[in-house]
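What follows is the residue order along each chain.
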Amino acid sequence: MDARIVDGVNKEYVGDIGVKHGRIIEAGEVEGDAERVIEASGLYALPGFIDPHSHGDWGFAWYPNCESAVMQGCTTVVAGQCGGSPAPLNKFVIAPGVLGTQVYEKHPYLYHGPTLLSLDEVNEMMRVKYGWTIDYRTMAQYFEFIEGQGISINYVPLVGHGTIRVHVMGEDYKREAKQAEIESMKELIHQAMKEGCHGLSAGLDYDPDVFASKDEMNQCVSSLRGYDGIYVPHWRRTGRRRNVKMGSYSAEPIQGILEVIETAKATGVRMNIAHLAPGWHTVPPMTPEIGKTVGLETLKPIDDAISEGIDINFDVIPWECWEPLPYLCSLHFTQWLRLLGSREKLVEWLKVDEFRQKAWDEIQSGKLFQRLVINPCVNPHWAENLKIITHIDDRFSGVTLAVAAKILEKDPWNALCNLIIADPNSMGAHADYRGIEEQMKEFFKHPRGTAGLDVGIIDNRDTMKGYPPYATPLPDTFSGYPKFFMRYVRDSDFLTMEEAVRKTSTIPAKTYRLKDRGTLVSGGHADIVLMDLDALDHTGHPELTVTYPKGIQYVLVNGEVVVDNGFHSGARPGFIIRRV
């Protein structure tokens, strides 16, 4: 009752929302008796957030309560992204992330773990750790499995081209596919679409999709035409993430954007470009003016294609430009942590000049992939992009490595080594690939731009992996949507609440043809968020957040209360929203 309703269609108004049998039966002045009344005075009532770019399908089986998503107001995810979906499966598979420790223990590695394992081996690990095995082989069978246990949010499935490529080519995927293999891929796409998938995703920077030719992708995407399907590409932004040596050159990211636009034009299939990012690398120091110009020029070919009648949308990762290493020593010394066994052992060796030089030589060799923003081989600003979050010496907490190097009067590499020696447990984060806020604002201002988190689903227990580089979930896993509303609505005048709702709910629903979702109008599905905007906040360090946010008071999914006064109710009313 008495909520500040922003319904995705009209201007904000104060009123009530009546819900019955999972649907909104009335909004405005609602009279009559109710089984339950939620007093919402002072709270915003918003359509449940629809994440257009999620990896949640890799977590449903282990986290069916979908805590990290629903506790921040996300009621629907479009999953199966970046070329990876739970099925179809054949002899070889990518091991689920929850088996990371088991894979590392069975197949120790210094640089890169195995891309594929046999399904038999994965199932043996599953049997030992969880007591059950992956018995589904098709998307239809996966849907039945998930529906059997229930989930707390809605799931809009895509089928992954990479998963299909592995199904057809197995371990022999590091080449262009033959025509007979492409035909087999197309048959699997047809099957997945008939089983209820909404479209096809691709991960063109990742194995195995990075080896796919333009012709292969065009043929596979063309298979979607008869279903009004959607193509969702992770476009070629970095190239294959291997062997990036000192002085390496990679094509400007805009070439990857142009490639997927060409596919949309050639096939006539509608497209949502995944996690749009700046189309150019910038070597000079970034300024707001340069950032804005790069943002606008990145959008230009998209706008040109839209003006030609091509149906293109895109999502943008909303987190601020830092993501956890998490330890300061995690990424540039990963292989040494694996070899030596602990951060303390690494510290002892970093005191040895010969070892320190050897570690630098390894960086230059490109044997271990480094994120381009903190890769000394290709980015002259790498030290500016690495932030020290916590350190035993307070002078360095909250500053970049570049600043710390000046304080220590050392070059960035030796400053990094000295900082780790002083505090092996110091935490760090790095800038992400988005550039700066001026670029992102151009993307978010665009009428087709939406907020996509690009995260998985988890709960708030055991959030750090127990082996190097000790990975933790991205902060948006827990607080991406709250931060979006805090930064762009509450703490600035960049977006109105109505505009923000369209970015987080209404436009994603339209993009993926989700009937009666993304708005709060009579007859629609009752996916509702009750938000205390003033109290909205992440918890812990913003760069290291691994707990649920504040200010999301209630969340209803299909009319059932899942978040009840800030706590998960245990309900699992989510639907698998199949293509119809």
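Here we summarise the structure given alongside this text. Going along each chain's sequence as written, the residues are numbered from 1 onward. At least 70 in pLDDT is required for a residue's local features to be given in this predicted model, at least 80 for side-chain atom pairs to be given and counted, and no such filter applies to totals for whole chains, interfaces and linings, which use all residues. Side-chain metrics rest on all non-hydrogen atoms present in the structure, leaving aside hydrogens and water.

**Overview of the sheet that holds strand E15 (residues 323-327)**
Criterion used throughout: strands pair if DSSP finds at least two bridges between them. Helix and strand definitions here come from DSSP, where helices need a minimum of 4 consecutive H or I residues and strands a minimum of 2 consecutive E residues; each element is numbered from the N-terminal end. Judged by pairing direction, the sheet is antiparallel, and its three strands sit side by side in the order E15-E17-E16 without closing on themselves. The strands lining the two open edges of the sheet, one partner per strand, are E15 and strand E16 (386-390). Averaged over neighbouring strand pairs, the angle between their axes works out to 30° when direction is ignored. With three bridges connecting them, E15 and strand E17 (residues 427-430) associate as antiparallel partners. Think of each axis as a best-fit line through the C-alpha atoms, taken over the contacting stretch in the case of a helix, with angles from 0 to 180 degrees between the N-to-C directions.

**Some thoughts on the sheet that holds strand E12 (residues 230-234)**
Read across the open sheet, the six strands follow the order E10-E11-E12-E13-E14-E18; overall the sheet is parallel. Every interior strand has two partners, whereas the edge strands, strand E10 (159-160) and strand E18 (449-451), have only one. As defined by bridge partners, strand E13 (residues 270-273) adjoins strand E14 (residues 312-316) across three bridges and the pair is classed as parallel. Residue pairing across strands places Asn-272 opposite Asn-313, the latter belonging to E14.

**As for the packing of helix H12 (residues 353-365) against helix H14 (residues 412-422)**
Across the interface, H12 lies against H14 with an axial gap of 11 Å and an inter-helix angle of 125°. Here H12 lies oblique to H14, going by the angle between them. Crossing of H12 over H14 shows right-handed handedness. Counted together, Arg-356, Ala-359, Trp-360 and Ile-363 of H12 and Trp-413, Asn-414, Cys-417, Asn-418 and Ile-421 of H14 form the full contact between these two elements. When grouped by side-chain class, the residues that make up the contact of H12 with H14 number six nonpolar, two polar and one charged. Orientation labels follow simple angle bins: below 35 degrees gives roughly parallel, above 145 gives roughly antiparallel, 65 to 115 gives roughly perpendicular, and whatever is left gives oblique. Less than a right angle of anticlockwise turn of the near helix away from the far helix marks a crossing as left-handed, whereas a clockwise turn marks it as right-handed. Whether two residues are in contact is decided by their heavy atoms: any pair within 4.5 Å suffices. Throughout this entry, Asp, Glu, Lys and Arg are counted as charged residues, while Ala, Val, Leu, Ile, Met, Phe, Trp, Tyr, Cys and Pro are counted as nonpolar. The remaining residues, Gly among them, count as polar.

**Overview of the nonpolar core**
Within this scheme, the nonpolar core is defined by two criteria: the residues are buried Ala, Val, Leu, Ile, Met, Phe, Trp, Tyr or Cys, and they are joined through side-chain atoms within 4.5 Å. For the exposure calls, accessible area comes from a 1.4 Å probe over protein chains only, and a residue counts as buried if that area is under 20% of its type's maximum, exposed if over 50%, partly exposed in between. Judged by nonpolar contacts, the single largest core of 114 residues is most densely connected at Phe-60, Tyr-231, Leu-276 and Phe-485. It is helix H16 (residues 476-490) that provides the largest number of residues to this core, a total of seven residues. Beyond its immediate chain neighbours, meaning those up to four positions away, Phe-485 contacts Leu-46, Phe-49, Arg-490, Met-497, Ala-500, Thr-504, Met-531, Leu-533 and Leu-536.

**Observations regarding unusual backbone geometry**
Outside of glycine, negative phi angles account for most residues, and trans bonds account for most peptide bonds. Omega for the bond connecting Ala-87 with Pro-88 falls within 30 degrees of zero, at 5°, which places this linkage in the cis form. Of the consecutive residues Leu-325 and Pro-326, the connecting peptide bond is found in the cis state with omega at 5°. Relative to the assigned elements, Pro-326 resides in strand E15. At Arg-513, a position not held by glycine, the phi torsion is positive, near 60°. Within the secondary structure, Arg-513 is located in the loop between helix H17 (497-511) and strand E19 (528-531).

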